[in-house]
Amino acid sequence: MTSIPTLITDRLVLRALKADDFPAFAEFYASDRSKFIGGPATETQAWRFLACEIGHWALRGYGRWAVEEISTGQFCGLIGLWFPLDWPEPEIGWDLMNGYEGKGYATEAALAARTHAYTTLGWTTAISLVAPENHGSRSVAQRMGASRDGDFTHEKFGPTEIWRHVPANQVVV
Amino acid sequence: MSGFNIPTLATDRLTLRMPVIADFDAYAEFYTQERSKFVGGPDNSLGESWRGFAALSGQWMLRGYGKYIVTLKDGTAIGHVGPRHPIELPECEMGWCLWSEQSEGYGYVTEAMLALRDHKFLGLSWADCVSYVAPENAGSVAVAMKLGAVLDKSARHPNADDPSDVYRHQAPEALQ
């Protein structure tokens, strides 16, 4: 049985995705904010994406968590470790649901995900893919201390910048 | 802590178990073939196939039930079967797929589906399921009949232009 651990940060809980998260997830994918990651998408497509996010855990043993705001209990993001077959290498990925930008949540959750990757999973390095126009996402990578490391073009998502995170042996946990 | 708690089922000749990454190559190969046309294929994008394969597992946590991989007793994966209820379907669909022509004609699908019919899925009753079968898919029509499903002309289709027939499954008790 593949287990999905729960991580806790100052303001956030990272937990397994569940069906109750779907309305906010579908709303995010229906909005223009999802344009950097294959959206906007229909509800039918969003359901498949959500099932894929969860199934990634079963196939890889890791994946992305539902991020919950502790103060409200609201589902506010999808953040964690992502390595589908057509990715160049394992990634730390972050998507904030609508209305949760500007609070530093992506950085806070992504740092917890990086710690999990470097300690529990034993990763030595990790990347993040950022669409060239996605300035908010680039800022998260920069705040985490990542640096540019080439480009990757995906057959569906188009060109992306590769941002390489501080390697495990240089991170103080 | 949360996880995938998917019980393994066994029949005389088959094992039904949760999807694992080692099954992916055979699954993807199936989706490149013309025989996948009844289940959304063919699709030559490996990346898309991988996402579809991951979604099989993911549905277990969203719905509490989902697709099994069917293997022979030597471990060879030959197909996937089970309930599926993505958001666009009006009802839960009970489906079956043999990945290779070489596995046809042995009654494997019927054997797997009878095991599923006897299994009590959490939050799902067999009689609440339908199967969408293309009329020209003679093999699947035969499986639906063997399972005791009946043609339901009044059932809603997921798409208005969907030419498939809807077979409604019957409670196992009613089939005695």
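The rules we used
- Residues numbered from 1 in each chain as written.
- Chains lettered and ligands numbered in written order.
- Predicted model: local features only at pLDDT ≥ 70, side-chain atom pairs only at ≥ 80, totals over all residues.
- Heavy atoms only, no water.
- Helix = DSSP H or I, 4+ residues; strand = E, 2+ residues; numbered from the N terminus.
- Rg over C-alpha atoms; globule rule 2.2 N^0.38 Å.
- Buried < 20%, exposed > 50% of the residue type's maximum accessible area, 1.4 Å probe, protein only.
- Areas by Shrake-Rupley, 256 points an atom, 1.4 Å probe, with all protein chains shown as cover.
- Lys, Arg positive; Asp, Glu negative; His and termini not counted.
- Charge placed at Lys NZ, Arg CZ, Asp CG, Glu CD.
- Contact = heavy atoms within 4.5 Å.
- Buried area = accessible area lost by both parts, 1.4 Å probe.
- Salt bridge = Lys/Arg side-chain N within 4 Å of Asp/Glu carboxyl O.
- Polar contact = N/O pair within 3.5 Å; in protein donor to acceptor, adjacent residues only side chain to side chain.
- Nonpolar A, V, L, I, M, F, W, Y, C, P; charged D, E, K, R; others polar.
- Phe/Tyr/Trp six-rings, centres within 6.5 Å; stacked < 30°, edge-to-face > 60°.
- Lys NZ or Arg CZ within 6 Å of the ring centre and 35° of its normal.
- Disulfide = S-S within 2.5 Å.
- Pairing = 2+ DSSP bridges.
- Right-handed = clockwise from strand over helix to strand, strands pointing away.

Peer 1: Account for the overall build of chain B, naming residues and giving values.
Peer 2: Looking only at helices and strands, chain B has 4 helices and 9 strands in total. Ordered by position from the N terminus, the helices and strands of chain B form the series β-β-β-α-α-β-β-β-α-β-α-β-β. A compact globule built from 176 residues would reach a C-alpha radius of gyration of about 16 Å, and chain B, at 15 Å, matches this within 12%. The burial tally for chain B puts 54% of its 176 residues in the buried class. Surface summary for chain B: the accessible area is close to 8200 Å², and the carbon and sulfur share equals 51%. One finds the centroid of the 15 positive side-chain charges in chain B at a distance of 4 Å from the centroid of its 22 negative side-chain charges.

Peer 1: Kindly report on the interface of chain B and chain A, identifying the contributing residues and their values.
Peer 2: Counting from both sides, the interface comprises 30 residues of chain B and, opposite them, 34 residues of chain A. Together, the buried faces of chain B and chain A total about 2600 Å²; carbon and sulfur atoms form 71% of this surface. If you sort the residues of chain B by the area they bury against chain A, W50, R51 and L62 of chain B come out on top, with a joint share of 29%. Summed over the shared surface of chain B and chain A, the number is 2 salt bridges. The partner of R51 of chain B in a salt bridge is D86 of chain A, with the nearest N and O atoms 2.8 Å apart. Where chain B touches chain A, the interface holds 3 residue pairs in polar contact (both at pLDDT 80 or more). Looking at the side of chain B that touches chain A, the elements that each hand over two or more residues are strand 1 (2-3) and helix 2 (46-63) of chain B. Looking at the side of chain B that touches chain A element by element, the count peaks at 15 residues for helix 2 of chain B. In the side of chain B that touches chain A, the residues fall into 16 nonpolar, 10 polar and 4 charged.

Peer 1: So what's going on with the pattern of salt bridges? Residues and values would help.
Peer 2: All names here are of chain A. With the rule as written, the count across this model stands at 20 salt bridges over all chains. One salt bridge connects K35 with D32, and the closest N-O pair in it is separated by 3.5 Å. Accessibility expressed as a relative area gives 45% for K35, which makes it partly exposed. The partner of R64 in a salt bridge is D95, and the shortest N-O contact between them spans 2.8 Å. Remark: D95 occurs in strand 6 (residues 91-96) and R64 occurs in strand 4 (residues 64-69); sequence separation between them is 31 residues. The burial state of R64 is the same as that of D95; both residues are buried. A network of salt bridges, in which partner residues are shared, links R138, R148, D151 and E161.

Peer 1: Go over the packing of aromatic side chains with me, naming the residues and quoting the values.
Peer 2: For any pair of aromatic rings, geometry is given as the distance between the ring centres together with the angle between the planes. Residue and element names in this part refer to chain A. Inspection of the entire model under this criterion finds 17 aromatic pairs over all chains. Taking the centre distance of 5.3 Å and the plane angle of 70 degrees together, the rings of F28 and Y29 count as edge-to-face. Overall, the relative accessible area of 5% leaves Y29 in the buried class. The side chain of R64 reaches across the aromatic face of W82, ending 5.5 Å from its centre.

Peer 1: Help me get a handle on the state of the cysteines, residues and values and all.
Peer 2: Covalent bonding between the sulfur atoms of two cysteines defines a disulfide. Residues and elements named next belong to chain B. Following the criterion strictly, the structure yields 0 disulfides over all chains and no others. Between C92, a free cysteine, and C129, which holds the nearest cysteine sulfur, the sulfur-to-sulfur gap is 3.8 Å. Judged by its relative accessible area of 4%, C92 falls in the buried class.

Peer 1: Account for unusual backbone geometry, with residues named and values stated.
Peer 2: The linkage connecting G39 of chain A with the following residue, P40 of chain A, adopts the cis geometry, with an omega of -10 degrees. Here P40 of chain A shows up in the loop between helix 1 (22-30) and helix 2 (43-60). Residues G41 of chain B and P42 of chain B are joined by a peptide bond in cis, for which omega reads -10 degrees. One can find P42 of chain B in the loop between helix 1 (24-31) and helix 2.

Peer 1: Which residues make up the pairing of strand 7 (residues 129-133) of chain B, and what are the values?
Peer 2: Consecutive side chains along a regular strand alternate between the two faces of the sheet. Residues and elements named next belong to chain B. Counting buried residues in strand 7 gives 5 out of 5 residues, a clear majority hidden from the surface. Note: strand 6 (residues 92-98) against strand 7, 2 bridges, orientation parallel. Bridging across to strand 7, C92 finds its partner in C129. For the crossover from strand 6 across helix 3 (residues 108-118) to strand 7, the handedness is right-handed. Where strand 7 and strand 9 (residues 165-168) come together, 4 bridges link them in antiparallel fashion. The residue of strand 9 that forms the bridge with V130 is R168.

Peer 1: Let's hear about the pairing of strand 4 of chain A: which residues, and what values?
Peer 2: All names here are of chain A. The buried count for strand 4 comes to 6 of 6 residues, which makes it a mostly enclosed element. Alignment of strand 3 (residues 12-15) against strand 4, held across 4 bridges, turns out to be antiparallel. The residue bridging L12 from the neighbouring strand is E69, located in strand 4. Pairing geometry for strand 4 and strand 5 (residues 75-82), over 5 bridges, is antiparallel. Considered in strand 5, the bridge of E68 is made with F75.

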